[in-house]
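Residue-level listing of the chains:
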Amino acid sequence: MSEIHVPESLRGACISIGNFDGVHRGHASMLHQLKVLATELCVPSAVVTFDPHPIAILRPEFTPPLLTTREERRRLLLESGIAAVFVLPVSTSLLQLTPEQFFEQVVLGKFHARGMVEGPNFHFGRDRAGSVDTLQTLCHNVGIACRIVAPADDGAEMISSSRIRGLLCRRAVADAVRLLGRPYRISGFVHRGAQRGRTIGFPTANLTGIETLLPAHGVYAGTADVNGQRWPAAVSIGPNPTFGEQREKIEVHLAGFAGDLYGLRLNVDLLSEIRPLQSFNSASQLIAQITADVALVQDLVASANH
């Protein structure tokens, strides 16, 4: 608990505690209510997230893959208009606190919170024993305003990080983007590959070191930023069956770009799926398909910009 420092100016803030992975449209609804309550109370708003995910300590084999890096999650939360983001280090001792101890030590002891906003599925304390009913009772006993926000849905079911992960694993990137409210970002460093794309007229940036969940194998449309300029990006995730390569690769072709990207971090924002991976009988068939893929990517990016 000593690792988190709350400045005096942010003590007494209105807070929301959670993982906030993906910072999706469901989170946006809760963040809006957090800012509303903070305005009513004339105090700052703050989000408290966890690192690592509590499941990584309790049952590491069930740790869900991330939708956002810690840095991107912080950026998105601040861009939503929240005054501050705090990362609560997760340890065995923290997870052993009862709901009452967690409330006393974190909510009151660290933040001196004046208000709290949570979703209906919020649980806290050892064995997730504390529910929103527990939270409301504890808040009421000490005069803290507490609001439980109805879950956001898209007309079909609740918007959640796990639902978005499932869509990405089914190659349904366009649906995942709709629930996120923005493109799905993958970020990695460009390293030297086989340079086969260059020989067929479609040079690619090969990405490594990606920390977030990769969509299922396939070809995707997106954009990538290079020195402040955005380029249409055709992205292939998976092996290259045409050339007998079974190793998973992430290859990004930037339509119209010419230059050296080696060693740079490349942020690629995926918009939609194009097709599954497939094997071609010849290089000429592959080139024809990539030509069609790139043209489709350019059309999709142009449409997204209007």
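Everything below is about the structure shown above.
Let me begin by describing the structure that accompanies this report.

Some details on the overall build of the protein
At step 1: Counting its regular elements, the protein contains ten helices and eleven strands.
At step 2: For the protein, the proportion of its 306 residues judged to be buried stands at 47%.
At step 3: Taking the contacts inside the protein whose residues are at least 6 apart along the sequence as the reference set, 72% of them involve residues at least 24 apart.
At step 4: When the accessible surface of the protein is summed, it comes to about 14,700 Å², and 51% of that surface belongs to carbon and sulfur atoms.
At step 5: Side chains of the protein carry 28 positive and 28 negative charges; the gap between the two charge centres is 3 Å.

Describing the sheet that holds strand 5 (residues 145-148)
At step 1: Pairing in this open sheet of five strands is parallel, and the strands run 3-2-1-4-5 from one edge to the other. One side of each edge strand has no neighbouring strand; the edge strands of this open sheet are strand 3 (84-89) and strand 5. Neighbouring strand axes in the sheet, compared pairwise and without regard to direction, differ in orientation by 25° on average.
At step 2: Bridge count between strand 2 (residues 45-51) and strand 3: six bridges; the pairing is parallel. The residue of strand 3 that forms the bridge with Asp51 is Pro89.
At step 3: The strands touched by helix 1 (residues 25-41) within the sheet are strand 1 (14-17), strand 2, strand 4 (115-118) and strand 5, with strand 4 carrying the most contacts at an inclination of about 165°.

A look at the packing of helix 7 (residues 161-169) against helix 8 (residues 173-180)
Helix-helix packing is described using two parameters, namely the angle between the two axes and the distance between the axes.
At step 1: It is the contact of helix 7 with helix 8, at a shortest axis distance of 8 Å, that shows an interaxial angle of 160°. Taken together, the axes of helix 7 and helix 8 lie roughly antiparallel to each other. The hand of the helix 7/helix 8 crossing is left-handed. Of helix 8, the residues touching helix 7 (which contributes Arg163, Ile164, Leu167 and Leu168) are Val173, Asp175, Ala176, Leu179 and Leu180.
At step 2: For the contact of helix 7 with helix 8, the per-class residue count stands at seven nonpolar, no polar and two charged.

What about the packing of aromatic side chains?
At step 1: In the structure shown here, the tally under the stated rule is four aromatic pairs.
At step 2: A ring pair is formed by Phe122 and Phe124, whose centres lie 5.4 Å apart and whose planes are at 15°; its orientation type is stacked. With respect to class, Phe122 is no different from Phe124; both count as buried.
At step 3: Through a chain of ring-to-ring contacts, three or more aromatic side chains come together here, namely Phe102, Phe122 and Phe124.
At step 4: Just above the ring of Tyr262 sits the side chain of Arg192; from NZ or CZ to the centre is 4.0 Å.

Conventions adopted
- Residues numbered from 1 in each chain as written.
- Predicted model: local features only at pLDDT ≥ 70, side-chain atom pairs only at ≥ 80, totals over all residues.
- Heavy atoms only, no water.
- Helix = DSSP H or I, 4+ residues; strand = E, 2+ residues; numbered from the N terminus.
- Buried < 20%, exposed > 50% of the residue type's maximum accessible area, 1.4 Å probe, protein only.
- Contact = heavy atoms within 4.5 Å.
- Areas by Shrake-Rupley, 256 points an atom, 1.4 Å probe, with all protein chains shown as cover.
- Lys, Arg positive; Asp, Glu negative; His and termini not counted.
- Charge placed at Lys NZ, Arg CZ, Asp CG, Glu CD.
- Pairing = 2+ DSSP bridges.
- Axes fitted to C-alpha atoms, helices over the stretch in contact; angles between N-to-C directions.
- Parallel < 35°, antiparallel > 145°, perpendicular 65-115°, else oblique.
- Left-handed = near helix turned anticlockwise from the far one by under 90°.
- Nonpolar A, V, L, I, M, F, W, Y, C, P; charged D, E, K, R; others polar.
- Phe/Tyr/Trp six-rings, centres within 6.5 Å; stacked < 30°, edge-to-face > 60°.
- Lys NZ or Arg CZ within 6 Å of the ring centre and 35° of its normal.

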